Amino acid sequence: PGFSPSHWWSCPGGATTDAAMMSPVKPRSPIDLQGVPNLPGFSPSPKRDRFHKSQAWGFVGGRRMEFVEGLTHDRPKFVQAAPSPSKWKQGSLPMSTNRDVFSAVQQPAQANLPAWDALDRMVLRFYAFFKEPVVETNLENFRVRRCIMYYYLEDDTMHITEPRVDNSGIPQGTLVRRHRMPKPDGSGYVSPGDIKVGSTLQVYGKTFQICDCDTFTREWSASQGMAQPGAVGMPTDMFTVTQSQNTLRQTAIQERTYEKLFREVQLGGGHINENMQQFLENDRKVCRFFAVCDDIMTSQYERRPFVLLYFLSNDTMEIRELYPLNCGRDNFPVWFRRGKLTKDGQPHLRGPADSTPTDDDFLSVRDLYVGQNVRILSHDFLIYDADEFTRAFFEQELRQQLVDKLDVRLPMAPVPKPPTPPYNGFGSLEDSYASVLSLVPKVPKKDFHKLMAEDGKILRFTAKFLDPNPEDINRRFVFSFHLFDDSVAIHEPPQRNLGIVTGKFLEKGVHLHGGTGTLFKPEDLLPGKVVSVFNHTFEMLDMDEYTRRHMEGIPPDYPSVDLHAVVEKIREGLRQQYPLVRDIFRKFDRDHNGVITLDEMDEVLKKFGFQLPRAEVLAVFRHFDTARDGQVSYNEFCDALLDEDYTVDTLKRKPPLQTAQDPDFASRTSDKTIQRGEMSRVRRAAREVSDVLYKKVGLLSKLRSQLARMTVGRPQKVVSSEEFRYAFMQTGHVFELADLERAILFVMPEADLNAIPFVQLFEGFEACYHDLASIR
């Protein structure tokens, strides 16, 4: 009975041959040691998948109690249903190998699943009624009460509701709340087999007649072998019949027209109130005119806006004033209270002895139109516009077309600008001008674009004194004009036997031209001009070659600097930035797209103080771009920055810089820069839209319901990009149409912007959310 691992590999008979020892051993499947008896000194550890501790204590009704099946809870209900596919295994290979034992077992077609999982959200719905006796009246004996029964398959519970009827006078809603309903004989609980169409169900002493059920209930009952019979008609009661007869619409025998009114008046009848017909036809119909009134009674001429309201129901008018912002008037908008106005435009005080005015004495709607000057209460009003209802009323009822809106705006009076006080010389000109603009001066902002573009550019001119003293005849000066901040410095070069200490004559700064009182400009220092600085008058003599080329607009020679030295300085400076090349590349790759474009290379050069023209920046960029595809990848950046680890030649050097201009490479670089910029905008738009859809809880369902309402009646569930943007605006998220179209084409490149399947689009946004990180 001894056990030895060597018995596994022994030959038959127990003898081991030399050929067997020399031949390669074939691997065998491991033996399950669970069936081996517990031998002394050898006890394999049991294999378990679950290591939880059972819990038998808890709280029931606020009291600590031990959980006992049948006392505190029932046995979980299991049903035969198709199991869900395995989440950790797809196809023939598992998605995860974190289990120590895995066997590819075929899933059965049916499995025992808990009812709360297999039958979740499955509800049977039956339509029933019961008769309630009525003993208070002789007109009816009973009343039919319609109900709906809901049977929840997951836990065999039921509840009965009665649809609410407005002004019924009886309590309706939930008749029996959800629970397991016992049978009348006490033999158990009601099951789906006890509920059938055409049968009765007794619940707590009340009998319900089941008349019908919904489609899902019929399909589920048929699948379980319990087909439901056909629907049974629901009876009616006398109260329902009486109510339906009383609610029938009683139409008039003859329509009321003006001819009918005329005949009634001829026969001595007609309305007691002769204006009732006008009120019934034109109630809440108001014509609105916009007018202005020139007020010349005030010290300052003013044009005041008004609104004329004409009520068609009784031919009255009301005038309201529109107060502009900060007009200084008391806010009493009603200028004339609602009433009738005479055509002469004068107020009248009538007594008992005065004659009664007729309708022709008052203003009517025909007397008002756009472009008319109407006099009301000694004020002249010009009507310049009307609303849409008024224009439609004139066109349809009066057959009159109103003219377009008149422009009654007054020309803006020119506001004289106060003169700027002269510069007193204290502090800089910008600081002094800031104190003129505001009481609390702010620090003047620097023009960084000019600073970056003109940095290092200095124009130099030579000059002498205009009317010098005898000892100053031979003195010469150099004017240095700095383009980046318009500052001027004057230097006097040394001369032999001059007898005067030379050097700095005027400190660098922003100075005023003594002759014009303005700041110095390069045009003021041209040869032949006369300038005055701090009571010293100079005559300009000449300028250097660089200044002459700059003033004449001649571009500098190409290349203007030693590009080989520039590349070597950049290479050495980049090495000193960070210890790793990866960090250097990430530093200058602003948009983190894995490549460096021409604009990013220009920023690298400016960082190291090289203000190069575009052509020279392109030459340096071409040196880094060995593939000539218009962009510098990480490998190309490393090849240009680092030396080779293993070389065949001694003291191998980098390939020389090519300074010849290449128009084709310039166009490719420009196209690649534009393409990369568009790619960055596309990713940003897709990231913003996916962030909103992924992070806002409940937004996706709102958008789907909004778009579903838009596609009602269409053969396919598709919308346009404008409708998609409108749905976002309805939920409080505003996107530009161009950005939204970029995001849609990013997710669905083949989509038609006029027919977008929004369901697949939402699924695409959710799928690509984690691929759109802001920083990769």
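These remarks concern the structure in this document. Predicted model only: the values in this text are computed from it and were never measured.

**As for the overall build of the protein**
Next, step 1: A tally of helices and strands in the protein yields 20 helices and 26 strands.
Next, step 2: Considering the protein as a whole, with its 776 residues, one finds that 29% of them fall into the buried category.
Next, step 3: Across the protein, contacts joining residues at least 24 apart in sequence account for 50% of those joining residues at least 6 apart.
Next, step 4: Accessible surface, the protein: about 53700 Å² in total, of which carbon and sulfur atoms supply 53%.

**Section: the side chain of T161**
Next, step 1: Structurally, T161 is set in strand β9 (residues 157-162).
Next, step 2: Judged by relative accessible area, T161 falls into the buried class, the value being 14%.
Next, step 3: Excluding anything up to four places from it in sequence, T161 contacts C147, I148, Y150, G173, T174 and L175.

**Re the pattern of salt bridges**
Next, step 1: The final tally for this structure, using the stated rule, is 33 salt bridges.
Next, step 2: A salt bridge links R681 to E678; its shortest N-O distance comes to 3.1 Å. Remark: E678 and R681 occur in helix α16 (residues 663-695); sequence separation between them is three residues, near one turn of the helix.
Next, step 3: Judged by its relative accessible area of 34%, R681 is partly exposed.
Next, step 4: Among the charged side chains, a salt-bridge network with shared partners connects E678, R681, R684, E688, D739 and R742.

**Description of the sheet that holds strand β14 (residues 302-311)**
Next, step 1: Read from one edge of the open sheet, six strands run β16-β15-β14-β13-β18-β17, paired in antiparallel fashion. Looking at the sheet topology across the chains shown, the edges are occupied by β16 (334-339) and β17 (373-376). In this sheet, adjacent strand axes meet at a mean angle of 30° when their direction is disregarded.
Next, step 2: As judged from the four bridges shared by β17 and strand β18 (residues 379-386), these two strands associate in the antiparallel manner. Each residue of the ladder has a partner; that of I376, found in β18, is H379.

**Points about the sheet that holds strand β11 (residues 200-203)**
Next, step 1: Pairing in this open sheet of six strands is antiparallel, and the strands run β10-β9-β8-β7-β12-β11 from one edge to the other. Each edge of the open sheet is held by one strand with a lone partner, namely β10 (173-179) and β11. Neighbour to neighbour, the strand axes of the sheet diverge by 30° on average, direction disregarded.
Next, step 2: Across four bridges, the pairing between β9 and β10 is antiparallel. Within the sheet, the bridge partner assigned to T161 lies in β10 and is T174.
Next, step 3: Along the sheet, helix α3 (residues 215-223) makes contact with β7 (123-133) and β12 (206-213), crossing β7 at roughly 115°.

**Looking at the packing of helix α17 (residues 699-710) against helix α20 (residues 758-767)**
Next, step 1: Packing of α17 against α20 brings their axes to within 11 Å, and their N-to-C directions diverge by 160°. If you check the angle between α17 and α20, you find them roughly antiparallel. α20 is crossed by α17, and the crossing has right-handed handedness. On α20, the residues touching L700, L703, R704, L707 and A708 of α17 are F758, F762 and E766.
Next, step 2: Among the residues making up the contact of α17 with α20, the classes are represented as six nonpolar, no polar and two charged.

**Examining a nonpolar patch on the surface**
Next, step 1: A contiguous nonpolar surface patch, about 480 Å² in accessible area, is contributed by I296, M297, Y301 and L410.
Next, step 2: Position of I296 relative to the elements: it lies in the loop between β13 (286-295) and β14.
Next, step 3: A relative accessible area of 62% means that I296 is categorised as exposed.

**Regarding the side chain of D214**
Next, step 1: With respect to the helices and strands, the residue D214 is situated in the loop between β12 and α3.
Next, step 2: A polar side-chain atom of D214 sits 2.3 Å from a polar atom in the side chain of T217.
Next, step 3: In contact with D214, other than residues within four places in its own chain, are R125 and Y127.

**Structural notes on unusual backbone geometry**
Next, step 1: Unusually for a residue other than glycine, D315 sits at a positive phi of about 60°.
Next, step 2: Residue placement: D315 occurs in the loop between β14 and β15 (316-321).
Next, step 3: By relative accessible area, which is 29% here, D315 ends up partly exposed.
Next, step 4: A positive phi angle, near 65°, is found at N535, a position not held by glycine.
Next, step 5: For N535, the location among the structural elements is in the loop between β23 (530-533) and β24 (536-543).

**A closer look at helix α14 (residues 614-624)**
Next, step 1: In terms of burial, α14 is largely enclosed, as nine of its 11 residues are buried.
Next, step 2: Here α14 has its buried residues at E616, V617, L618, A619, V620, F621, R622, H623 and F624.

**Some points on a negative patch on the surface**
Next, step 1: A contiguous patch of negative charge, built from D344, D359, D360 and D361, is present on the exposed surface.
Next, step 2: One can find D360 in the loop between β16 and β17.
Next, step 3: With a relative accessible area of 62%, D360 lands in the exposed category.

About the thresholds
Residues numbered from 1 in each chain as written. Predicted model: local features only at pLDDT ≥ 70, side-chain atom pairs only at ≥ 80, totals over all residues. Heavy atoms only, no water. Helix = DSSP H or I, 4+ residues; strand = E, 2+ residues; numbered from the N terminus. Buried < 20%, exposed > 50% of the residue type's maximum accessible area, 1.4 Å probe, protein only. Contact = heavy atoms within 4.5 Å. Areas by Shrake-Rupley, 256 points an atom, 1.4 Å probe, with all protein chains shown as cover. Salt bridge = Lys/Arg side-chain N within 4 Å of Asp/Glu carboxyl O. Pairing = 2+ DSSP bridges. Axes fitted to C-alpha atoms, helices over the stretch in contact; angles between N-to-C directions. Parallel < 35°, antiparallel > 145°, perpendicular 65-115°, else oblique. Left-handed = near helix turned anticlockwise from the far one by under 90°. Nonpolar A, V, L, I, M, F, W, Y, C, P; charged D, E, K, R; others polar. Patch = residues over 30% accessible without salt bridge, like charges linked within 9 Å, V, L, I, M, F, W, Y side chains within 5 Å. Polar contact = N/O pair within 3.5 Å; in protein donor to acceptor, adjacent residues only side chain to side chain. Lys, Arg positive; Asp, Glu negative; His and termini not counted. Charge placed at Lys NZ, Arg CZ, Asp CG, Glu CD.

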